Amino acid sequence: MVILLGLAFVPVLLKLIIKDIDKNKKGKRCFVISCGVIIALIAGLRSVNVGTLDTSHYYKLYQGVPNFSTLQEFFKHHDLLRNGFFLSEGLFYLATYYCAKVIPHPQFFILITSAFITFSAMYFIYKHSKNVMLSTVLYICLGLMTFNMNGMRQALAMSICLFAYDFAKNKKLIPFLCMILLAMLVHKTSIVFLLVYFITYLKCKPKHIIFFTVAIVLFIIFADRFAKIFDSVADKNYSDVGAFESGGYVTVLIYALVLIFALVFGWKDRKDVGFSLAFYLTILGGAFFCGRYISTQIYERISYYFFYAVLLLLPQTVSRLLESEKPAVVAIITSLSIALFAYRLYGSAFQNFTFFWG
């Protein structure tokens with residue numbers, strides 16, 4: 001717990017050392033790279049017993065690759081091609097197989113995937129955030145970093161989708177679709193990121209907001225049916241898992257507060273493409289998260305694809321405040337985020353965080 005909590009202070013300390021990181025490109029790059037290296041090392045050198053069983057599962061999968069002399073044997077043993085290479089998320093297992101053949105130690109796989117996930121997030125922050133320090137603190141403290149250490153394969157797919165975000169924002173359909181297809185070869189849930197391209201056409205206008213609200217209401221009404229359709233296409237059984245009856249209220253509160261803050265203080269930016277896209281995606285993420293209460297638990301995992309929008313919307317809203325107000329507001333948000341992180345770590349699967357040699 002102490003290690004991860006200490007990590008939350010790293011962006012703050014680097015901000016004090018590297019001046020004007022949001023105005024100086026060289027300083028900004030230095031900040032992003034430094035944070036990325038530290039986060040990637042801590043996440044990548046974690047013990048296999050940290051977090052949920054996902055890391056342990058893929059650790060053992062990687063560890064077992066030397067038992068197979070050919071890729072075909074590996075795929076056949078794990079029944080990976082039952083629905084074809086694409087629908088079997090074959091790219092992830094293909095990468096696992098060849099990485100294990102080159103470097104057999106499973107910890108290398110944890111390290112290399114953590115590095116890709118981390119630097120994808122840091123590049124996303126570097127490219128789109130109005131305050132890279134604040135976005136990095138939010139990434140560490142609000143749940144994305146810990147989720148990425150838990151749901152390793154989905155986290156990889158989410159990381160690929162972060163590059164698709166840039167193509168969607170710039171209306172580059174073919175590259176966007178290629179990135180989504182690539183992500184689906186790692187985790188099929190990434191198909192939901194297709195919604196981002198359609199949302200880029202929405203403006204913060206009354207008729208668009210009404211349209212989007214109606215779409216959200218329809219999603220809530222037909223959430224169970226959507227889950228069953230996805231199961232039939234992807235050969236999964238997500239819809240068989242029941243809804244959560246409680247928990248997650250802090251996350252709902254985060255979504256609500258960020259949206260209210262954006263409406264009150266950031267609405268002047270409503271004509272900005274970055275603001276409107278982050279605004280709608282934050283609403284969408286909140287709606288998917290609430291799906292955990294009314295339909296099936298998979299909607300919570302899907303919501304993480306869109307939680308990255310919070311890392312953009314909150315800093316952009318802060319950027320609209322008076323210069324005299326910004327430092328105090330950033331300090332308050334940073335302090336509350338770190339306090340929440342400490343609260344969540346206590347009693348969680350990451351409370352006894354250790355490195356692989358511990």
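Everything discussed here concerns the structure shown above.
Residues numbered from 1 in each chain as written. Predicted model: local features only at pLDDT ≥ 70, side-chain atom pairs only at ≥ 80, totals over all residues. Heavy atoms only, no water.

## Here's the deal with the overall build of the protein chain
Short version of the rule: Each helix is a run of DSSP H or I of at least 4 residues and each strand a run of E of at least 2, with the numbering of both proceeding from the N terminus. Within these notes, the globule rule equals 2.2 Å times the number of residues to the 0.38 power, and the radius of gyration is based on C-alpha atoms. Residues are treated as being in contact if the distance between any of their heavy atoms lies within 4.5 Å. Areas reported as accessible are Shrake-Rupley estimates using a 1.4 Å probe. Residue values count occlusion only from the protein chains shown.
When helices and strands are tallied, the protein chain shows 19 helices and 0 strands. A globule of 358 residues ought to have a C-alpha radius of gyration of about 21 Å, and the protein chain, at 20 Å, matches this closely. Judged by the C-alpha coordinates and their principal axes, the protein chain covers about 65 × 45 × 40 Å. Long-range pairs, those at least 24 residues apart, make up 77% of the contacts in the protein chain between residues at least 6 apart in sequence. Accessible area of the protein chain: about 16,800 Å², with a carbon and sulfur share of 66%.

## Digging into helix α17 (residues 298-307)
For the record, the criterion: Relative accessibility thresholds used throughout: buried, under 20% of the residue-type maximum; exposed, over 50%; partly exposed, between the two (1.4 Å probe, protein chains only).
Counting buried positions along α17 yields 9 of 10 residues, so the element is predominantly enclosed. Among the residues of α17, Ile298, Tyr299, Glu300, Ile302, Ser303, Tyr304, Tyr305, Phe306 and Phe307 are the ones counted as buried.

## Comments concerning unusual backbone geometry
Phi at lysine 171 is positive, roughly 60 degrees, even though this residue is not glycine. Tracing the backbone through its elements, the reader meets lysine 171 in the loop between α10 (152-169) and α11 (173-184). We classify lysine 171 as partly exposed; its relative accessible area is 32%.

## What about helix α13 (residues 206-221)?
Definition in use: Here the expected length of a helix is defined as 1.5 Å per residue gap, with one fewer gap than residues. Each direction from the helix axis to a C-beta atom contributes to the arc, which is the arc of those directions.
In this model α13 runs 23 Å from its N-terminal to its C-terminal C-alpha over 16 residues, within 8% of the 22 Å that 1.5 Å per residue would give. When we look at burial in α13, the residues that qualify are His208, Phe212, Ile216 and Phe219. In a view along the axis of α13, the buried residues occupy a sector of 75 degrees, so they form one face of it. Seen from the buried face of α13, the exposed residues on the opposite side, beyond 90 degrees, are Pro206, Lys207, Ile210, Phe211 and Ile221.

## Comments concerning the side chain of arginine 292
Operational definition: Whenever two N or O atoms come within 3.5 Å, that pair is a polar contact, provided that in protein one can donate a hydrogen and the other can accept it, and provided that, for residues adjacent in sequence, both atoms are side-chain atoms.
Here arginine 292 lies in helix α16 (residues 273-294). In terms of polar contacts, arginine 292 uses its side chain to reach the side chain of glutamate 300, at 2.7 Å.

## A closer look at the nonpolar core
What tends to happen in soluble globular proteins is that the nonpolar side chains get buried as a cluster. Note the threshold: For this analysis, a nonpolar core means a set of buried residues of the types Ala, Val, Leu, Ile, Met, Phe, Trp, Tyr and Cys, connected via side-chain atoms within 4.5 Å.
Counting residues in each nonpolar core, the largest one holds 117 residues, and the members touching the most others are Tyr139, Phe193 and Phe306. For this core, the element with the most residues is α10, which contributes 11 residues. Setting aside residues no more than four positions away along its own chain, phenylalanine 306 makes contact with Val192, Phe193, Val196, Leu281, Leu284, Gly285 and Phe288.

## What about the pattern of salt bridges?
Basically, it comes down to this: The term salt bridge refers to a side-chain nitrogen of Lys or Arg lying within 4 Å of a carboxyl oxygen of Asp or Glu.
The tally for this structure, following the rule as stated, stands at 4 salt bridges. Residue lysine 326 pairs with glutamate 323 through a salt bridge whose shortest N-O separation is 2.7 Å.

## Brief notes about the side chain of threonine 282
Mapped onto the elements, threonine 282 comes out in helix α16. If sequence neighbours within four positions are ignored, threonine 282 has contacts with Tyr255, Val258, Leu259, Ala309, Val310 and Leu313.

## Description of the packing of aromatic side chains
Think of a pair of aromatic rings as described by two things: how far the centres are apart, and how the planes are tilted against each other in angle. Operational definition: Only centres within 6.5 Å qualify two rings of Phe, Tyr or Trp (six-membered ring in Trp) as a pair; their planes then separate them into stacked at under 30 degrees, edge-to-face at over 60, and tilted for everything else.
For the structure shown, the criterion picks out 33 aromatic pairs. Summarising the aromatic geometry, the rings of phenylalanine 124 and tyrosine 165 are spaced 5.2 Å apart at their centres and angled 75 degrees between planes, so their arrangement reads as edge-to-face. Placement of the pair is phenylalanine 124 in helix α7 (residues 106-128) and tyrosine 165 in helix α10, with a sequence separation of 41 residues. Judged on exposure class, the residue phenylalanine 124 and its partner tyrosine 165 are both buried. Both rings, one in phenylalanine 219 and one in tyrosine 299, keep their centres 5.2 Å apart while their planes meet at 85 degrees; by these two values the pair is edge-to-face. Residue phenylalanine 219 is located in helix α13, and its partner tyrosine 299 is located in helix α17; the two are separated by 80 residues in the primary sequence. Ring pairing ties together the aromatic residues Tyr58, Tyr62, Phe92, Tyr93 and Phe109, which thus form one cluster.

## Considerations on the packing of helix α15 (residues 249-265) against helix α19 (residues 326-345)
As a reminder of what qualifies: Lines fitted to C-alpha atoms define the axes, with helix axes restricted to the stretch in contact, and inter-axis angles between N-to-C directions lie between 0 and 180 degrees. Angle categories are assigned with fixed cut-offs, so that under 35 degrees is roughly parallel, over 145 is roughly antiparallel, 65 to 115 is roughly perpendicular, and the rest are oblique.
In contact at an axis separation of 13 Å, α15 and α19 are set at 170 degrees when each is read in the N-to-C sense. With respect to each other, α15 and α19 are oriented roughly antiparallel. Touching Val250, Thr251, Ile254 and Phe261 of α15 are Val329, Leu340 and Arg344, all from α19.

## Notes on a nonpolar patch on the surface
Using the following cut-off: The residues that make up patches have over 30% relative accessible area and no salt bridge, and they are joined within 9 Å when like-charged or within 5 Å when they are Val, Leu, Ile, Met, Phe, Trp or Tyr.
Nonpolar side chains collect at one region of the surface, where Ile210, Val214, Val217, Leu218, Ile221, Phe222 and Phe226 lie side by side and expose about 630 Å² of accessible area between them. With 5 residues, the single largest contributor to the nonpolar patch is α13. When you line up the elements, leucine 218 lands in helix α13. When its relative accessible area of 41% is taken as the criterion, leucine 218 is described as partly exposed.

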